[in-house]
Each structure stands twice: as C-alpha cells, then as structure tokens.
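Fold and geometry: a report
Residues per chain, in single letters:
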Amino acid sequence: MLKIFEQLSDSELIARLLQNDEQAVEYLFFYRCHLIFQRLIKNIFSYQIEQEELITDFYLYLSENDWIKLRNFEQKASLNTWLTIVAVRFFTKKKMAMTNLGEKETLIELNEKQYIFLEEELPFQISKYELLDAVQQISNPRYRWVLLAQLRGLEVEDMAKELNTNVVNIYNLIKRAKMALKTLLQ
C-alpha cells in the first residue's frame, strides 16, 4: 500500500482523499504526517499527548464539511508544507483551549453515583478524595478535564460541545483518560 501512495502526486492523493478513500486517509494521517505529528507532540504539547489523539482531532478538522479545507488548498506549496502550517495553527489554538480547560476546573463534591463509574474499573479500593487527587495529577489536560466533567455528571454530548469535537472522540478521550488514571494509581 505504501509504495502505491508514495508514488502519487499531491493532486492525485488529494483526489483520493476527497473521495473518502480509506487507504488514502490512512496513508496521509498515519504515514505521511507521522513526522509532523511527532514534532507537534514535542514542540507544542511537550510529550503530554498521544499521537492517536492528534490524528483523530486533525482528521475531524480536515474532513469536516466534506473536506472543505483540503478543497481550498491552492497547491502553491507542497501538500506536506501546507499540512504542517495548517496543523501547527490548529493545534496551537487547541493547546490554548486546553490550557483554558485547567482554569475551568473547580473543586467538586462527589456523590456516590458519580464516584462509582470510576471505582468499578479500578483493581483496588480508593477513597473519593484520593480518586479526585489522582485525577488532578493526570498530566494531559484533556484527560483530566473529561474525567472531572464525568465526575460532575456532565453528559458526553455536552462534553463534545464544550471541547468542540464529536461524541466518539469524547468516548476515546474517556477511555484513554481512565487508562492514564489506572497507570498513575499503580
């Protein structure tokens, strides 16, 4: 698969992306943009975010409104150069929004129902306040925010609106956040 897509011109690759060719999408986001994502993880997010999260966010951003951003690409520069510029701008704004998430966090009073959703998934007993303290120590602000939002009782649809993403991405964030919490607690 790689050899086929490596031989395509930027125009040919774009044409396949606009047709929602799954292999072209996989090639672009997982292979061609791999170094772009690695630099973003290092330079913008200081290694506090996973590549899969960036891929999901950037795919959703580029593909919205039937790939309108890609349709507006004028090919005055190479596709990689354009993607790098678009990604840096997008994730810089996203990082600023993530930083603002931390400012929205407040001390919350946990009731039994809200606490149980995490307690059942932990391999050992933990008090409510130890759990809240552990959540606060998660380094990824989006993971921390979705867990705190879930503890507050915020619905997944509302979280998606707040983070300007879709519900599927929120479920992925919650899953990764819970894994980060378990790792932290162990």
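Here the structure is shown first, and the text comes after it.
In this report, the structure presented in the accompanying data block is examined. These numbers were taken from a predicted model, which means no experiment stands behind them. (Residues numbered from 1 in each chain as written. Predicted model: local features only at pLDDT ≥ 70, side-chain atom pairs only at ≥ 80, totals over all residues. Heavy atoms only, no water.)

1. Details of the packing of helix 3 (residues 22-32) against helix 5 (residues 51-71)
Put simply, helix 3 and helix 5 touch, their axes get as near as 10 Å, and they point 140 degrees apart. One element, helix 3, and the other, helix 5, form an angle in the oblique class. As for the relative orientation of helix 3 and helix 5, their crossing is right-handed in sense. Every residue of helix 5 that contacts helix 3 at Val25, Phe29 and Phe30 is listed here: Ile55, Phe58, Tyr59, Leu62 and Trp67. Here the residues of the contact of helix 3 with helix 5 sort into 8 nonpolar, no polar and no charged. (Axes fitted to C-alpha atoms, helices over the stretch in contact; angles between N-to-C directions. Helix = DSSP H or I, 4+ residues; strand = E, 2+ residues; numbered from the N terminus. Parallel < 35°, antiparallel > 145°, perpendicular 65-115°, else oblique. Left-handed = near helix turned anticlockwise from the far one by under 90°. Contact = heavy atoms within 4.5 Å. Nonpolar A, V, L, I, M, F, W, Y, C, P; charged D, E, K, R; others polar.)

2. Quick word on the packing of aromatic side chains
All told, the structure shown has 11 aromatic pairs when counted by the stated rule. Between the aromatic rings of Phe90 and Phe91, the centroid separation amounts to 4.8 Å while the plane-to-plane angle is 70 degrees, which identifies the pairing as edge-to-face. Note on accessibility: Phe90 and Phe91 belong to one class, buried. What links up through ring pairs into an aromatic cluster is the set Phe29, Phe37, Phe58, Tyr59, Tyr61, Trp67, Phe90 and Phe91. The ring of Tyr61 has Lys69 sitting right over it, with the charged end atom 4.3 Å from the ring centre. (Phe/Tyr/Trp six-rings, centres within 6.5 Å; stacked < 30°, edge-to-face > 60°. Buried < 20%, exposed > 50% of the residue type's maximum accessible area, 1.4 Å probe, protein only. Lys NZ or Arg CZ within 6 Å of the ring centre and 35° of its normal.)

3. Topic: the pattern of salt bridges
A side chain of one charge can pair with a side chain of the opposite charge when the charged atoms of the two come close. The tally for this structure, following the rule as stated, stands at 7 salt bridges. With a shortest N-O distance of 2.8 Å, Arg142 and Glu53 are connected by a salt bridge. With Arg142 in helix 9 (residues 141-152) and Glu53 in helix 5, the pair connects residues that are 89 residues apart, well separated along the chain. Each member of the pair, Arg142 as well as Glu53, carries the same accessibility label: buried. Salt bridges sharing partners connect three or more residues here, namely Glu53, Asp57 and Arg142. (Salt bridge = Lys/Arg side-chain N within 4 Å of Asp/Glu carboxyl O.)

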